[in-house]
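Per-entry structural report
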Amino acid sequence: MLKRAFTAPDPGRVRLRSAGRAVLGIGLAVVLCGAAGQSLAGAVTGGLAALLALFTVTDATVRGQAVTTALLPVVGLPVLAAAAELHDVPVARDLVFLAVVGAGVYARRWGPRGHSLGVFAFMTYFVAQFLHATPGQLPRLYAAVLLSVLAAAVVRFGLWCYERHLPPAPVPAPHAGRGLARVTTRQAVQATAGAGFALVVGQAVSGQRWYWAVGATWWIFVNTASRGETLVRGFRRVLGTVLGIALGLLVAVPVHGAPVPTAVLTAVAVFGIFYAAAVSYTWMMLSVTLLAELLYGLLGVLTPSLLALRLTETAVGALGAGLAVLFVLPVTTHLTTDAWIQRALRCVHACTAEAAARLAGSATADPAPLVAELEQLLGRVRLSVAPLVHPLSPMPGRRRRARRVLALLDDCAREIRGLVAVAADPEASHDARLAAACWRVEAAVEALTRGSAHTAGPAEQPTEPALAHLHGVERALADLAEPLRAPSRSPLIGA
(Lines give C-alpha, C1' and ligand atoms only; values in the text may rest on other atoms or scores of the structure.)
Protein backbone atom coordinates (compact mmCIF):
# COMPACT_ATOMS: atom_id res chain seq x y z
CA MET A 1 0.00 0.00 0.00
CA LEU A 2 2.79 2.44 0.93
CA LYS A 3 4.78 1.39 -2.15
CA ARG A 4 1.83 2.09 -4.43
CA ALA A 5 1.26 5.55 -2.90
CA PHE A 6 4.77 6.65 -3.89
CA THR A 7 5.60 4.52 -6.95
CA ALA A 8 2.32 4.60 -8.91
CA PRO A 9 2.70 5.99 -12.46
CA ASP A 10 2.30 9.76 -12.64
CA PRO A 11 2.07 10.70 -16.37
CA GLY A 12 2.92 14.32 -16.91
CA ARG A 13 3.72 14.52 -13.18
CA VAL A 14 0.11 15.57 -12.59
CA ARG A 15 0.01 14.37 -8.98
CA LEU A 16 3.37 15.93 -8.18
CA ARG A 17 2.32 19.24 -9.71
CA SER A 18 -1.01 19.17 -7.94
CA ALA A 19 0.66 18.56 -4.58
CA GLY A 20 3.28 21.25 -5.11
CA ARG A 21 0.69 23.77 -6.26
CA ALA A 22 -1.49 22.97 -3.24
CA VAL A 23 1.32 23.76 -0.81
CA LEU A 24 1.96 27.04 -2.62
CA GLY A 25 -1.71 28.04 -2.88
CA ILE A 26 -2.69 27.15 0.68
CA GLY A 27 0.49 28.70 2.06
CA LEU A 28 -0.23 31.93 0.17
CA ALA A 29 -3.81 31.97 1.47
CA VAL A 30 -2.71 31.56 5.10
CA VAL A 31 -0.02 34.23 4.74
CA LEU A 32 -2.52 36.69 3.25
CA CYS A 33 -5.01 35.95 6.03
CA GLY A 34 -2.30 36.68 8.59
CA ALA A 35 -1.28 39.87 6.81
CA ALA A 36 -4.93 40.97 6.79
CA GLY A 37 -5.09 40.65 10.57
CA GLN A 38 -7.13 37.46 10.68
CA SER A 39 -7.24 35.45 13.90
CA LEU A 40 -6.15 31.82 14.06
CA ALA A 41 -9.77 30.79 13.39
CA GLY A 42 -9.81 32.97 10.27
CA ALA A 43 -6.51 31.53 9.05
CA VAL A 44 -7.80 27.97 9.55
CA THR A 45 -11.00 28.80 7.66
CA GLY A 46 -9.03 30.43 4.87
CA GLY A 47 -6.58 27.55 4.58
CA LEU A 48 -9.43 25.05 4.33
CA ALA A 49 -11.19 27.18 1.69
CA ALA A 50 -8.02 27.30 -0.40
CA LEU A 51 -7.49 23.56 0.01
CA LEU A 52 -11.00 22.82 -1.21
CA ALA A 53 -10.70 25.27 -4.11
CA LEU A 54 -7.58 23.45 -5.28
CA PHE A 55 -8.70 19.90 -4.43
CA THR A 56 -12.34 19.60 -5.50
CA VAL A 57 -12.58 21.68 -8.69
CA THR A 58 -12.19 19.23 -11.60
CA ASP A 59 -14.05 20.73 -14.57
CA ALA A 60 -12.81 19.58 -17.96
CA THR A 61 -11.62 23.04 -19.08
CA VAL A 62 -9.68 25.84 -17.43
CA ARG A 63 -12.59 28.20 -18.08
CA GLY A 64 -14.99 25.78 -16.41
CA GLN A 65 -12.67 25.48 -13.43
CA ALA A 66 -12.54 29.27 -13.11
CA VAL A 67 -16.34 29.52 -13.13
CA THR A 68 -16.68 26.80 -10.48
CA THR A 69 -14.00 28.44 -8.32
CA ALA A 70 -15.87 31.75 -8.52
CA LEU A 71 -19.09 30.02 -7.44
CA LEU A 72 -17.57 28.43 -4.32
CA PRO A 73 -18.14 31.48 -2.06
CA VAL A 74 -21.63 31.96 -3.52
CA VAL A 75 -22.53 28.55 -2.10
CA GLY A 76 -20.27 28.54 0.95
CA LEU A 77 -20.98 31.91 2.55
CA PRO A 78 -24.76 31.40 3.02
CA VAL A 79 -24.07 27.94 4.47
CA LEU A 80 -21.50 29.46 6.83
CA ALA A 81 -24.05 32.08 7.90
CA ALA A 82 -26.69 29.42 8.56
CA ALA A 83 -24.27 27.38 10.67
CA ALA A 84 -23.26 30.40 12.74
CA GLU A 85 -26.83 31.63 13.25
CA LEU A 86 -27.94 28.17 14.39
CA HIS A 87 -24.99 27.67 16.71
CA ASP A 88 -27.18 27.86 19.82
CA VAL A 89 -30.19 26.01 18.35
CA PRO A 90 -29.02 22.35 18.33
CA VAL A 91 -32.09 20.73 16.77
CA ALA A 92 -32.30 23.20 13.87
CA ARG A 93 -28.51 23.11 13.47
CA ASP A 94 -28.54 19.31 13.15
CA LEU A 95 -31.46 19.21 10.73
CA VAL A 96 -29.86 21.81 8.47
CA PHE A 97 -26.58 19.88 8.59
CA LEU A 98 -28.35 16.74 7.35
CA ALA A 99 -30.04 18.78 4.62
CA VAL A 100 -26.64 20.06 3.50
CA VAL A 101 -25.36 16.46 3.41
CA GLY A 102 -28.24 15.28 1.22
CA ALA A 103 -28.09 18.28 -1.10
CA GLY A 104 -24.32 18.01 -1.43
CA VAL A 105 -24.47 14.39 -2.59
CA TYR A 106 -27.50 14.98 -4.81
CA ALA A 107 -25.61 17.81 -6.56
CA ARG A 108 -23.37 15.19 -8.18
CA ARG A 109 -26.02 14.74 -10.84
CA TRP A 110 -24.78 18.00 -12.36
CA GLY A 111 -21.30 16.65 -12.89
CA PRO A 112 -17.96 18.05 -11.66
CA ARG A 113 -19.35 21.49 -10.82
CA GLY A 114 -22.17 20.10 -8.72
CA HIS A 115 -19.73 17.78 -6.99
CA SER A 116 -17.33 20.65 -6.15
CA LEU A 117 -20.04 22.97 -4.86
CA GLY A 118 -21.60 20.18 -2.78
CA VAL A 119 -18.28 19.38 -1.11
CA PHE A 120 -17.57 23.07 -0.45
CA ALA A 121 -21.00 23.60 1.11
CA PHE A 122 -20.61 20.61 3.41
CA MET A 123 -17.10 21.53 4.53
CA THR A 124 -18.12 25.14 5.18
CA TYR A 125 -20.81 23.91 7.55
CA PHE A 126 -18.35 21.44 9.04
CA VAL A 127 -15.67 24.03 9.76
CA ALA A 128 -18.28 26.21 11.48
CA GLN A 129 -18.81 23.34 13.93
CA PHE A 130 -15.06 22.85 14.26
CA LEU A 131 -14.54 26.52 15.18
CA HIS A 132 -17.85 26.95 17.06
CA ALA A 133 -18.54 29.92 14.80
CA THR A 134 -20.99 32.57 16.03
CA PRO A 135 -22.75 35.41 14.16
CA GLY A 136 -20.27 37.94 15.49
CA GLN A 137 -17.41 36.14 13.73
CA LEU A 138 -19.07 36.10 10.31
CA PRO A 139 -17.54 39.27 8.80
CA ARG A 140 -14.00 38.05 9.48
CA LEU A 141 -14.77 34.51 8.32
CA TYR A 142 -16.34 35.87 5.13
CA ALA A 143 -13.21 37.90 4.45
CA ALA A 144 -11.00 34.85 5.09
CA VAL A 145 -12.97 32.68 2.66
CA LEU A 146 -13.01 35.31 -0.09
CA LEU A 147 -9.33 36.18 0.30
CA SER A 148 -8.26 32.53 0.34
CA VAL A 149 -10.34 31.47 -2.67
CA LEU A 150 -8.84 34.42 -4.52
CA ALA A 151 -5.32 33.36 -3.50
CA ALA A 152 -6.01 29.79 -4.68
CA ALA A 153 -7.34 31.15 -7.98
CA VAL A 154 -4.25 33.30 -8.52
CA VAL A 155 -2.01 30.26 -8.06
CA ARG A 156 -4.21 27.89 -10.06
CA PHE A 157 -4.98 30.12 -13.04
CA GLY A 158 -1.99 32.43 -12.99
CA LEU A 159 1.18 31.19 -11.37
CA TRP A 160 0.76 27.45 -12.02
CA CYS A 161 -1.87 26.53 -14.60
CA TYR A 162 -0.69 23.15 -15.87
CA GLU A 163 -4.25 22.13 -16.88
CA ARG A 164 -3.81 24.01 -20.15
CA HIS A 165 -1.77 21.03 -21.28
CA LEU A 166 -3.08 18.06 -19.30
CA PRO A 167 -6.62 17.00 -18.43
CA PRO A 168 -7.93 16.94 -14.87
CA ALA A 169 -8.96 13.73 -13.17
CA PRO A 170 -12.33 12.58 -14.50
CA VAL A 171 -15.32 12.72 -12.16
CA PRO A 172 -17.92 9.94 -12.42
CA ALA A 173 -20.83 10.89 -14.63
CA PRO A 174 -24.25 10.44 -13.01
CA HIS A 175 -26.19 7.41 -14.19
CA ALA A 176 -29.32 7.95 -16.21
CA GLY A 177 -32.73 7.46 -14.71
CA ARG A 178 -35.41 9.28 -12.80
CA GLY A 179 -36.17 9.51 -9.13
CA LEU A 180 -34.74 6.67 -7.07
CA ALA A 181 -33.52 4.95 -10.25
CA ARG A 182 -30.79 7.60 -10.43
CA VAL A 183 -27.69 6.63 -8.46
CA THR A 184 -27.04 10.16 -7.20
CA THR A 185 -30.56 10.30 -5.75
CA ARG A 186 -30.16 6.96 -4.01
CA GLN A 187 -26.77 7.99 -2.64
CA ALA A 188 -28.18 11.30 -1.38
CA VAL A 189 -30.75 9.34 0.62
CA GLN A 190 -28.08 6.91 1.82
CA ALA A 191 -25.68 9.67 2.86
CA THR A 192 -28.40 11.52 4.75
CA ALA A 193 -29.42 8.36 6.58
CA GLY A 194 -25.83 7.46 7.39
CA ALA A 195 -25.08 11.00 8.56
CA GLY A 196 -28.20 10.95 10.74
CA PHE A 197 -26.97 7.79 12.45
CA ALA A 198 -23.48 9.28 12.84
CA LEU A 199 -24.88 12.52 14.24
CA VAL A 200 -27.01 10.83 16.91
CA VAL A 201 -24.41 8.28 17.99
CA GLY A 202 -21.59 10.80 17.64
CA GLN A 203 -23.33 13.20 20.01
CA ALA A 204 -23.83 10.35 22.48
CA VAL A 205 -20.07 9.75 22.36
CA SER A 206 -19.10 13.43 22.58
CA GLY A 207 -21.20 16.56 22.78
CA GLN A 208 -18.23 18.63 21.56
CA ARG A 209 -16.68 16.61 18.71
CA TRP A 210 -19.75 14.82 17.28
CA TYR A 211 -19.26 16.46 13.88
CA TRP A 212 -16.22 14.24 13.30
CA ALA A 213 -18.57 11.28 12.88
CA VAL A 214 -20.72 13.16 10.35
CA GLY A 215 -17.59 14.24 8.48
CA ALA A 216 -16.36 10.64 8.31
CA THR A 217 -19.68 9.50 6.83
CA TRP A 218 -19.65 12.30 4.28
CA TRP A 219 -16.14 11.71 3.00
CA ILE A 220 -16.70 7.96 2.75
CA PHE A 221 -19.50 8.69 0.28
CA VAL A 222 -17.44 11.13 -1.82
CA ASN A 223 -16.35 9.61 -5.17
CA THR A 224 -17.98 6.25 -4.53
CA ALA A 225 -20.71 4.79 -6.69
CA SER A 226 -21.65 1.43 -5.21
CA ARG A 227 -22.18 -0.52 -2.01
CA GLY A 228 -18.85 -2.34 -2.29
CA GLU A 229 -16.84 0.81 -2.97
CA THR A 230 -18.36 2.55 0.04
CA LEU A 231 -17.66 -0.34 2.42
CA VAL A 232 -14.03 -0.62 1.30
CA ARG A 233 -13.62 3.15 1.54
CA GLY A 234 -14.98 3.08 5.09
CA PHE A 235 -12.44 0.42 6.06
CA ARG A 236 -9.62 2.41 4.51
CA ARG A 237 -10.73 5.60 6.23
CA VAL A 238 -10.55 3.93 9.64
CA LEU A 239 -7.19 2.36 8.78
CA GLY A 240 -5.80 5.69 7.57
CA THR A 241 -7.03 7.37 10.73
CA VAL A 242 -5.34 4.74 12.93
CA LEU A 243 -2.05 5.20 11.06
CA GLY A 244 -2.40 8.98 11.19
CA ILE A 245 -3.01 8.95 14.93
CA ALA A 246 0.04 6.74 15.46
CA LEU A 247 2.13 9.17 13.41
CA GLY A 248 0.60 12.12 15.26
CA LEU A 249 1.64 10.67 18.60
CA LEU A 250 5.21 10.60 17.30
CA VAL A 251 5.38 14.05 15.68
CA ALA A 252 2.32 16.26 16.28
CA VAL A 253 1.92 15.76 20.04
CA PRO A 254 5.60 16.54 20.83
CA VAL A 255 5.47 19.64 18.59
CA HIS A 256 2.19 20.77 20.25
CA GLY A 257 1.66 23.94 18.27
CA ALA A 258 5.21 25.31 17.97
CA PRO A 259 4.89 27.62 14.93
CA VAL A 260 7.87 26.71 12.75
CA PRO A 261 7.78 22.88 13.00
CA THR A 262 3.99 22.98 12.76
CA ALA A 263 4.19 25.01 9.54
CA VAL A 264 6.71 22.56 8.03
CA LEU A 265 4.69 19.50 9.02
CA THR A 266 1.48 21.13 7.76
CA ALA A 267 3.08 21.64 4.36
CA VAL A 268 4.14 17.96 4.34
CA ALA A 269 0.61 16.87 5.28
CA VAL A 270 -0.97 19.02 2.54
CA PHE A 271 1.48 17.63 0.00
CA GLY A 272 0.61 14.10 1.12
CA ILE A 273 -3.13 14.70 0.76
CA PHE A 274 -2.84 15.83 -2.84
CA TYR A 275 -0.10 13.42 -3.89
CA ALA A 276 -1.77 10.30 -2.49
CA ALA A 277 -5.42 11.14 -3.21
CA ALA A 278 -5.60 9.56 -6.67
CA VAL A 279 -3.88 6.29 -5.75
CA SER A 280 -4.30 5.57 -2.02
CA TYR A 281 -7.26 6.69 0.09
CA THR A 282 -5.59 5.18 3.17
CA TRP A 283 -2.49 7.32 2.83
CA MET A 284 -4.55 10.38 1.98
CA MET A 285 -6.46 9.84 5.24
CA LEU A 286 -3.19 9.46 7.14
CA SER A 287 -2.22 12.90 5.83
CA VAL A 288 -5.64 14.38 6.62
CA THR A 289 -5.45 13.04 10.18
CA LEU A 290 -1.97 14.47 10.65
CA LEU A 291 -3.17 17.84 9.35
CA ALA A 292 -6.09 17.83 11.81
CA GLU A 293 -3.74 16.96 14.67
CA LEU A 294 -1.46 19.86 13.77
CA LEU A 295 -4.41 22.26 13.72
CA TYR A 296 -5.54 21.07 17.13
CA GLY A 297 -1.97 21.56 18.30
CA LEU A 298 -2.14 25.19 17.16
CA LEU A 299 -5.40 25.56 19.07
CA GLY A 300 -3.69 24.15 22.16
CA VAL A 301 -6.05 21.22 22.72
CA LEU A 302 -4.12 18.27 21.24
CA THR A 303 -3.91 15.35 23.67
CA PRO A 304 -3.80 11.55 23.36
CA SER A 305 -7.37 11.38 24.69
CA LEU A 306 -8.52 13.72 21.89
CA LEU A 307 -6.90 11.43 19.34
CA ALA A 308 -8.67 8.42 20.84
CA LEU A 309 -11.96 10.31 20.59
CA ARG A 310 -11.26 11.11 16.93
CA LEU A 311 -10.74 7.43 16.19
CA THR A 312 -13.99 6.53 17.95
CA GLU A 313 -15.99 9.16 16.06
CA THR A 314 -14.42 8.05 12.77
CA ALA A 315 -15.48 4.48 13.48
CA VAL A 316 -19.02 5.70 14.23
CA GLY A 317 -19.11 7.56 10.91
CA ALA A 318 -17.81 4.52 9.01
CA LEU A 319 -20.43 2.35 10.68
CA GLY A 320 -23.16 4.81 9.70
CA ALA A 321 -22.02 4.78 6.07
CA GLY A 322 -21.82 1.00 6.04
CA LEU A 323 -25.30 0.50 7.47
CA ALA A 324 -26.74 3.03 5.03
CA VAL A 325 -25.32 1.40 1.89
CA LEU A 326 -26.32 -2.07 3.07
CA PHE A 327 -29.90 -1.36 4.06
CA VAL A 328 -31.01 1.93 2.44
CA LEU A 329 -31.57 1.67 -1.33
CA PRO A 330 -28.38 -0.39 -1.95
CA VAL A 331 -26.49 0.17 -5.22
CA THR A 332 -24.59 -2.85 -6.60
CA THR A 333 -21.20 -2.69 -8.29
CA HIS A 334 -22.25 -4.19 -11.64
CA LEU A 335 -23.11 -1.13 -13.73
CA THR A 336 -20.43 1.17 -12.33
CA THR A 337 -17.56 -1.32 -12.64
CA ASP A 338 -18.55 -2.38 -16.15
CA ALA A 339 -18.83 1.26 -17.24
CA TRP A 340 -15.34 2.15 -15.95
CA ILE A 341 -13.74 -0.90 -17.57
CA GLN A 342 -15.38 -0.05 -20.90
CA ARG A 343 -14.20 3.56 -20.68
CA ALA A 344 -10.66 2.39 -19.93
CA LEU A 345 -10.69 0.00 -22.90
CA ARG A 346 -11.93 2.70 -25.26
CA CYS A 347 -9.22 5.02 -23.98
CA VAL A 348 -6.66 2.31 -24.80
CA HIS A 349 -7.84 2.39 -28.39
CA ALA A 350 -7.80 6.20 -28.49
CA CYS A 351 -4.23 6.24 -27.18
CA THR A 352 -3.01 3.78 -29.80
CA ALA A 353 -4.75 5.65 -32.64
CA GLU A 354 -3.32 8.99 -31.52
CA ALA A 355 0.19 7.55 -31.16
CA ALA A 356 -0.04 5.98 -34.61
CA ALA A 357 -1.14 9.31 -36.06
CA ARG A 358 1.86 10.95 -34.42
CA LEU A 359 4.18 8.36 -35.93
CA ALA A 360 2.53 8.94 -39.31
CA GLY A 361 3.65 12.57 -39.13
CA SER A 362 0.53 14.35 -37.89
CA ALA A 363 1.50 17.71 -36.41
CA THR A 364 -1.61 17.89 -34.23
CA ALA A 365 -1.61 14.36 -32.79
CA ASP A 366 -0.72 14.38 -29.08
CA PRO A 367 -1.25 11.10 -27.18
CA ALA A 368 0.15 12.39 -23.86
CA PRO A 369 -3.16 13.80 -22.49
CA LEU A 370 -4.90 10.54 -23.37
CA VAL A 371 -2.28 8.57 -21.46
CA ALA A 372 -2.91 10.75 -18.41
CA GLU A 373 -6.64 10.15 -18.82
CA LEU A 374 -6.04 6.40 -19.08
CA GLU A 375 -4.17 6.39 -15.77
CA GLN A 376 -7.06 8.22 -14.13
CA LEU A 377 -9.58 5.80 -15.58
CA LEU A 378 -7.55 2.83 -14.35
CA GLY A 379 -7.61 4.44 -10.91
CA ARG A 380 -11.41 4.46 -11.08
CA VAL A 381 -11.43 0.82 -12.18
CA ARG A 382 -9.26 -0.11 -9.19
CA LEU A 383 -11.59 1.75 -6.86
CA SER A 384 -14.66 0.06 -8.31
CA VAL A 385 -13.12 -3.43 -8.25
CA ALA A 386 -11.58 -2.94 -4.80
CA PRO A 387 -14.35 -4.89 -2.97
CA LEU A 388 -13.59 -7.96 -5.10
CA VAL A 389 -9.80 -7.90 -4.64
CA HIS A 390 -9.91 -7.12 -0.92
CA PRO A 391 -8.26 -9.88 1.18
CA LEU A 392 -11.49 -10.30 3.15
CA SER A 393 -13.61 -10.90 0.04
CA PRO A 394 -15.65 -14.12 0.47
CA MET A 395 -15.47 -14.94 -3.26
CA PRO A 396 -11.95 -16.24 -4.07
CA GLY A 397 -12.84 -17.06 -7.68
CA ARG A 398 -13.97 -13.53 -8.44
CA ARG A 399 -11.01 -12.14 -6.51
CA ARG A 400 -8.57 -14.03 -8.76
CA ARG A 401 -10.35 -12.94 -11.92
CA ALA A 402 -10.58 -9.32 -10.77
CA ARG A 403 -6.86 -9.28 -10.04
CA ARG A 404 -6.23 -10.78 -13.48
CA VAL A 405 -8.29 -8.00 -15.09
CA LEU A 406 -6.37 -5.31 -13.20
CA ALA A 407 -3.01 -6.88 -14.11
CA LEU A 408 -3.91 -7.04 -17.81
CA LEU A 409 -5.19 -3.46 -17.83
CA ASP A 410 -1.91 -2.42 -16.22
CA ASP A 411 -0.10 -4.32 -18.98
CA CYS A 412 -2.07 -2.32 -21.55
CA ALA A 413 -1.14 0.93 -19.83
CA ARG A 414 2.55 -0.03 -19.69
CA GLU A 415 2.63 -0.87 -23.40
CA ILE A 416 0.76 2.35 -24.19
CA ARG A 417 3.32 4.39 -22.26
CA GLY A 418 6.10 2.68 -24.22
CA LEU A 419 4.32 3.32 -27.51
CA VAL A 420 3.86 7.01 -26.68
CA ALA A 421 7.53 7.31 -25.72
CA VAL A 422 8.48 5.91 -29.14
CA ALA A 423 6.04 8.25 -30.88
CA ALA A 424 7.61 11.22 -29.08
CA ASP A 425 10.97 10.43 -30.69
CA PRO A 426 11.35 12.72 -33.73
CA GLU A 427 13.55 10.08 -35.37
CA ALA A 428 10.80 7.45 -35.24
CA SER A 429 9.39 6.56 -38.65
CA HIS A 430 5.97 5.31 -39.70
CA ASP A 431 5.56 1.64 -40.50
CA ALA A 432 2.66 0.65 -42.78
CA ARG A 433 1.84 -2.21 -40.40
CA LEU A 434 0.92 0.27 -37.64
CA ALA A 435 -2.45 1.00 -39.21
CA ALA A 436 -3.32 -2.70 -39.35
CA ALA A 437 -2.23 -3.20 -35.74
CA CYS A 438 -4.34 -0.20 -34.61
CA TRP A 439 -7.32 -1.63 -36.46
CA ARG A 440 -6.88 -4.93 -34.61
CA VAL A 441 -6.74 -3.04 -31.29
CA GLU A 442 -9.99 -1.30 -32.18
CA ALA A 443 -11.60 -4.63 -33.09
CA ALA A 444 -10.41 -6.16 -29.83
CA VAL A 445 -11.87 -3.28 -27.81
CA GLU A 446 -15.18 -3.56 -29.65
CA ALA A 447 -15.30 -7.31 -28.97
CA LEU A 448 -14.69 -6.81 -25.26
CA THR A 449 -17.08 -3.91 -24.75
CA ARG A 450 -19.89 -5.61 -26.69
CA GLY A 451 -19.37 -9.04 -25.17
CA SER A 452 -18.44 -10.68 -28.47
CA ALA A 453 -16.32 -13.77 -28.98
CA HIS A 454 -12.79 -13.94 -27.66
CA THR A 455 -10.29 -11.81 -29.54
CA ALA A 456 -7.30 -13.44 -31.24
CA GLY A 457 -3.90 -12.10 -30.28
CA PRO A 458 -1.13 -11.09 -32.68
CA ALA A 459 0.45 -13.88 -34.70
CA GLU A 460 3.94 -12.39 -34.78
CA GLN A 461 6.34 -10.53 -32.54
CA PRO A 462 8.02 -7.71 -34.48
CA THR A 463 11.30 -6.11 -33.49
CA GLU A 464 10.29 -2.52 -34.32
CA PRO A 465 9.59 -0.75 -30.97
CA ALA A 466 6.25 0.81 -31.92
CA LEU A 467 4.87 -2.42 -33.38
CA ALA A 468 6.17 -4.41 -30.41
CA HIS A 469 4.25 -2.18 -27.99
CA LEU A 470 1.10 -2.35 -30.12
CA HIS A 471 1.30 -6.14 -30.21
CA GLY A 472 1.75 -6.12 -26.44
CA VAL A 473 -1.54 -4.22 -26.20
CA GLU A 474 -3.18 -6.77 -28.51
CA ARG A 475 -2.00 -9.68 -26.36
CA ALA A 476 -3.31 -8.07 -23.19
CA LEU A 477 -6.69 -7.38 -24.82
CA ALA A 478 -6.92 -10.95 -26.08
CA ASP A 479 -6.15 -12.29 -22.60
CA LEU A 480 -8.77 -9.98 -21.06
CA ALA A 481 -11.57 -11.79 -22.90
CA GLU A 482 -11.39 -14.82 -20.60
CA PRO A 483 -11.73 -13.16 -17.15
CA LEU A 484 -14.22 -10.55 -18.39
CA ARG A 485 -16.53 -12.75 -20.44
CA ALA A 486 -16.16 -16.35 -19.23
CA PRO A 487 -19.67 -17.68 -19.97
CA SER A 488 -19.50 -20.70 -17.69
CA ARG A 489 -18.82 -18.74 -14.55
CA SER A 490 -20.52 -16.07 -12.48
CA PRO A 491 -19.93 -12.55 -13.79
CA LEU A 492 -16.84 -10.73 -12.58
CA ILE A 493 -18.98 -7.85 -11.41
CA GLY A 494 -22.45 -7.60 -10.04
CA ALA A 495 -24.39 -9.21 -7.22
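Preceding block: the structure.
This report concerns the structure included in the present document. Here, residues in each chain are numbered from 1, in the same order as that chain's written sequence. For a predicted model such as this one, the threshold for reporting local features is a pLDDT of at least 70, and the threshold for listing and counting side-chain atom pairs is 80 or more; totals across whole chains, interfaces and linings nevertheless cover every residue. Computation of side-chain values covers all heavy atoms of the structure but excludes hydrogens and water.

Another point: the overall build of the chain. Each helix corresponds to a stretch of at least 4 residues labelled H or I by DSSP, and each strand to a stretch of at least 2 residues labelled E; elements are numbered beginning at the N terminus. What the chain contains, in helices and strands, is 18 helices and zero strands. Within the chain, the proportion of its 495 residues that are buried is 53%. It only takes one pair of heavy atoms within 4.5 Å for two residues to be counted as in contact. When contacts within the chain are restricted to residue pairs at least 6 apart in sequence, long-range pairs at least 24 apart make up 80% of them. Summary of the burial criterion: residues with accessible area below 20% of their type's maximum are buried, those above 50% are exposed, and those between are partly exposed, where the area comes from a 1.4 Å probe applied to protein chains only.

With that settled, the discussion passes to the environment of Leu409. Considering the arrangement of structural elements, one finds Leu409 in helix H16 (residues 396–423). Each C-alpha atom, one on Leu409 and one on Leu480, is 8.1 Å from the other, the two residues being 71 residues apart in sequence. Those residues in contact with Leu409, other than ones at most four positions away along the chain, are Leu345, Leu378, Val381 and Leu480.

The next point concerns the nonpolar core. Nonpolar cores are built from buried Ala, Val, Leu, Ile, Met, Phe, Trp, Tyr and Cys residues. Side-chain atoms within 4.5 Å join them into one set. Judged by nonpolar contacts, the single largest core of 80 residues is most densely connected at Phe122 and Phe274. The leading source of residues in this core is helix H6 (residues 111–131), at 12 residues. Other than its neighbours up to four places away in sequence, Phe274 contacts Ser18, Ala19, Ala22, Ile26, Leu51, Leu54 and Phe55. In terms of nonpolar packing, the next biggest core, distinct from the first, is built from 46 residues, Ile341, Val371, Val385 and Leu419 among them.

Time to look at the side chain of Glu313. Along the chain, Glu313 falls in helix H13 (residues 304–327). His is not counted here, nor are the chain ends, while Lys and Arg score as positive and Asp and Glu score as negative. Any Lys or Arg side-chain nitrogen located within 4 Å of an Asp or Glu carboxyl oxygen qualifies as a salt bridge. Among buried charged residues, Glu313 stands out as having no salt bridge; its nearest opposite-charge side chain is Arg209, 8.5 Å away. Setting aside its immediate chain neighbours within four residues, Glu313 contacts Gly202, Val205, Ser206, Arg209, Trp210, Trp212 and Ala213.

Moving on, we get to the pattern of salt bridges. Should the charged atoms of two oppositely charged side chains come close, the side chains can pair. Per the counting criterion, the structure on display carries seven salt bridges. Ionic pairing is found between Asp94 and Arg93, a salt bridge with its closest N-O pair at 2.9 Å. Each member of the pair, Asp94 as well as Arg93, carries the same accessibility label: buried. Note that Asp411 is salt-bridged to Arg414, the shortest N-O span being 3.0 Å. Taken together, the positions of Asp411 and Arg414, both in helix H16 and three residues apart, correspond to about one turn of that helix. By relative accessible area, Arg414 is classed as partly exposed at 43%.

On to the packing of aromatic side chains. Geometry of aromatic contacts follows a simple scheme: Phe, Tyr and Trp rings, the Trp one being its six-membered ring, pair when their centres are within 6.5 Å, and the pair is stacked under 30 degrees between planes, edge-to-face over 60, tilted otherwise. If you walk through the whole model with that rule in mind, you get 13 aromatic pairs. Centroid distance Phe55 to Phe274: 5.2 Å. Interplanar angle 85°. Geometry classified as edge-to-face. With Phe55 in helix H3 (residues 40–55) and Phe274 in helix H11 (residues 259–276), this residue pair connects regions lying 219 residues apart in the sequence. For the pair Trp210 and Tyr211, a centre-to-centre distance of 6.0 Å together with 80° between the ring planes defines the contact as edge-to-face. The exposure class of Trp210 is buried, given its relative accessible area of 4%. Of the aromatic side chains, those joined through ring pairs into one cluster are Phe97, Phe122, Tyr125, Phe126, Phe130, Trp210, Tyr211, Trp212, Trp218 and Tyr296.

Every axis in this analysis is a line fitted to C-alpha atoms, fitted for helices over the stretch in contact. Angles between the N-to-C directions lie between 0 and 180 degrees. Remark: helix H8 (residues 183–205) packs on helix H9 (residues 211–221), axes separated minimally by 8 Å, with the N-to-C direction vectors making an angle of 160°. By the angle between their axes, H8 is roughly antiparallel relative to H9. Of the two possible hands of crossing, H8 and H9 adopt the one that is right-handed. Here Gln187, Gln190, Ala191, Gly194, Ala195, Ala198, Leu199 and Gly202 of H8 lie close against H9, whose contacting residues are Ala213, Val214, Thr217 and Phe221. Angle categories are assigned with fixed cut-offs, so that under 35 degrees is roughly parallel, over 145 is roughly antiparallel, 65 to 115 is roughly perpendicular, and the rest are oblique. The handedness criterion is simple: a crossing whose near helix is rotated anticlockwise from the far helix by less than a right angle is left-handed, and one whose near helix is rotated clockwise is right-handed.

Once that is clear, we can look at a nonpolar patch on the surface. A contiguous nonpolar patch, built from Leu231, Leu319, Leu323, Leu326 and Phe327 and spanning about 460 Å² of accessible area, is present on the exposed surface. For the nonpolar patch, the leading source of residues is H13, giving four residues. Checked against the element boundaries, Leu231 lands in helix H10 (residues 227–255). Judged by relative accessible area, which is 35%, Leu231 ranks as partly exposed. Exposure above 30% relative accessible area and the absence of a salt bridge qualify a residue for a patch, where like charges join within 9 Å and nonpolar side chains (Val, Leu, Ile, Met, Phe, Trp, Tyr) within 5 Å. For the accessible areas, the method is Shrake-Rupley and the probe is 1.4 Å, while residue cover comes only from the protein chains on display.

Before going further, it helps to examine H10. Given the number of residues in a helix, its expected span is that number minus one, multiplied by 1.5 Å. Taking 1.5 Å per residue, 29 residues should reach 42 Å; H10 reaches 40 Å between its end C-alpha atoms and fits that length. In this scheme, the bend at a residue equals the angle between the axes fitted to the seven residues that finish there and the seven that begin there. If you look at H10, its biggest bend is around 50°, right at Gly248. Where H10 terminates, the next one or two residues include His256, which has phi positive at roughly 45°.

The next subject is the packing of H10 against helix H15 (residues 368–389). At a minimum axis separation of 7 Å, H10 and H15 run at an interaxial angle of 90°. It follows that H10 is roughly perpendicular to H15 by the angle criterion. Listed contacts from H15 to Gly228, Glu229, Val232 and Arg236 of H10 are Arg380, Leu383, Ser384, Ala386 and Pro387. By residue class, the composition of the contact of H10 with H15 is four nonpolar, two polar and three charged. Charged means Asp, Glu, Lys or Arg here, nonpolar means Ala, Val, Leu, Ile, Met, Phe, Trp, Tyr, Cys or Pro, and polar covers whatever is left, Gly included.

Moving on to H3. The terminal C-alpha atoms of H3 lie 22 Å apart, and with 16 residues this matches the ideal 22 Å at 1.5 Å per residue to within 8%. With 13 of 16 residues buried, H3 lies mostly within the body of the structure.

Turning to unusual backbone geometry, a few remarks are in order. Phi angles above zero are rare outside glycine, and His132 is one such case at about 50°. A positive phi is found at His256, a non-glycine position, where the angle reads about 45°. The residue His256 is located in the loop between H10 and H11 in this model. The class of His256 is partly exposed, set by a relative accessible area of 38%.

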